[in-house]
Amino acid sequence: MNDLNKKLILSFLIVFFLGIVALFTLREATESKIQNLNVVSSVPSFELVNFNENIFTDNNLLDKITILSFVFTSCPDACPIMSENFSILQERFKDSDLIQFVSITVDPDYDSNDILKTFSEKYSNGNNWYFLRGDKNYISTLSEKGFFLSALNLPAGHSTSFVLIDKQKNIRKYYKGTDDAAIMELQNDIVFLVNEKT
């Protein structure tokens with residue numbers, strides 16, 4: 001075997017070894033991220049109303065994997081992106097009856113039932129996405145004290161985070177609702193919770 005062949009084989013082995021190390025590192029990092037779903041807190045008791053005037057409470061979260069957000073329909077920047085990302089996730093999980101989406105308006109004075117219904121028709125393609133409203137002070141307290149999200153100077157000061165809630169009404173993780181990488185991470189974590197043994 002000449003020196004050139006030896007160098008080629010050696011180069012191939014080095015590249016192969018580095019590839020194996022990279023794949024192992026990536027796999028470990030991915031698993032670590034997915035498994036980092038410890039319970040943050042339990043969801044507080046609450047009662048709000050869907051745009052069709054049906055009452056929606058924390059008990060509606062039982063036995064469902066819920067992704068929750070705080071938005072308002074006249075929001076010019078973050079909310080359309082957040083709602084579009086909800087729509088994408090809803091489409092990706094359209095075959096699962098375990099998953100639901102909840103958007104709570106932080107501007108209930110403007111966001112009437114009719115306006116929320118129109119907003120729903122724009123973004124939602126199914127009946128597993130709830131658009132809720134209630135008293136503004138109640139919603140502010142629910143956001144800050146219940147879900148540990150900022151709610152200063154509502155509606156503009158609302159949080160842009162998504163909240164992942166498991167089937168036992170536990171908050172498991174937060175995600176930046178306008179970030180593509182965070183949405184992909186959320187998608188993976190939803191799959192993990194779907195398969196999680198309870």
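The text that follows walks through the structure, step by step, so that each part is easy to find. (Residues numbered from 1 in each chain as written. Predicted model: local features only at pLDDT ≥ 70, side-chain atom pairs only at ≥ 80, totals over all residues. Heavy atoms only, no water.)

So, the pattern of salt bridges
One side chain can pair with another of opposite charge once the charged atoms of both are near each other.
Point 1. Scanning the model with the defined rule gives seven salt bridges in all.
Point 2. The partner of Lys117 in a salt bridge is Glu121, and the shortest N-O contact between them spans 2.6 Å. Remark: Glu121 and Lys117 occur in helix H3 (residues 113-123); sequence separation between them is four residues, near one turn of the helix.
Point 3. For Lys117, a relative accessible area of 39% translates into the label partly exposed.
Point 4. Between Lys173 and Glu185 there is a salt bridge, and its shortest N-O distance comes to 2.7 Å. Here Lys173 is found in strand S8 (residues 170-176), whereas its partner Glu185 is found in helix H5 (residues 180-195), with 12 residues between them in sequence.
Point 5. For Lys173, a relative accessible area of 11% translates into the label buried.
Point 6. Here the salt bridges do not stand alone but share partners, grouping Asp166, Arg172 and Glu196 into one network. (Salt bridge = Lys/Arg side-chain N within 4 Å of Asp/Glu carboxyl O. Helix = DSSP H or I, 4+ residues; strand = E, 2+ residues; numbered from the N terminus. Buried < 20%, exposed > 50% of the residue type's maximum accessible area, 1.4 Å probe, protein only.)

Structural notes on the environment of Ser112
Point 1. Among the structural elements, Ser112 can be located in the loop between strand S5 (99-105) and H3.
Point 2. What makes Ser112 partly exposed here is its relative accessible area of 28%.
Point 3. When the C-alpha positions of Ser112 and Thr73 are compared, they lie 9.9 Å apart, and in sequence the two are 39 residues distant.

Overview of the sheet that holds S8
Point 1. In space, the eight strands of this open sheet follow the order S1-S8-S7-S4-S5-S6-S2-S3, with mixed pairing throughout. The outermost strands of the open sheet, each flanked by one partner alone, are strand S1 (41-42) and strand S3 (55-57).
Point 2. Pairing geometry for strand S4 (residues 65-71) and S5, over seven bridges, is parallel. Of the residues in S5, the one forming a bridge with Ile65 is Ile99.
Point 3. Running over the sheet, helix H2 (residues 78-92) touches S4, S5, strand S6 (129-133) and strand S7 (161-165) and is turned about 165° from S4.
Point 4. Against the sheet, H5 engages S4, S5, S7 and S8, with an angle of about 160° to S8. (Pairing = 2+ DSSP bridges. Contact = heavy atoms within 4.5 Å. Axes fitted to C-alpha atoms, helices over the stretch in contact; angles between N-to-C directions.)

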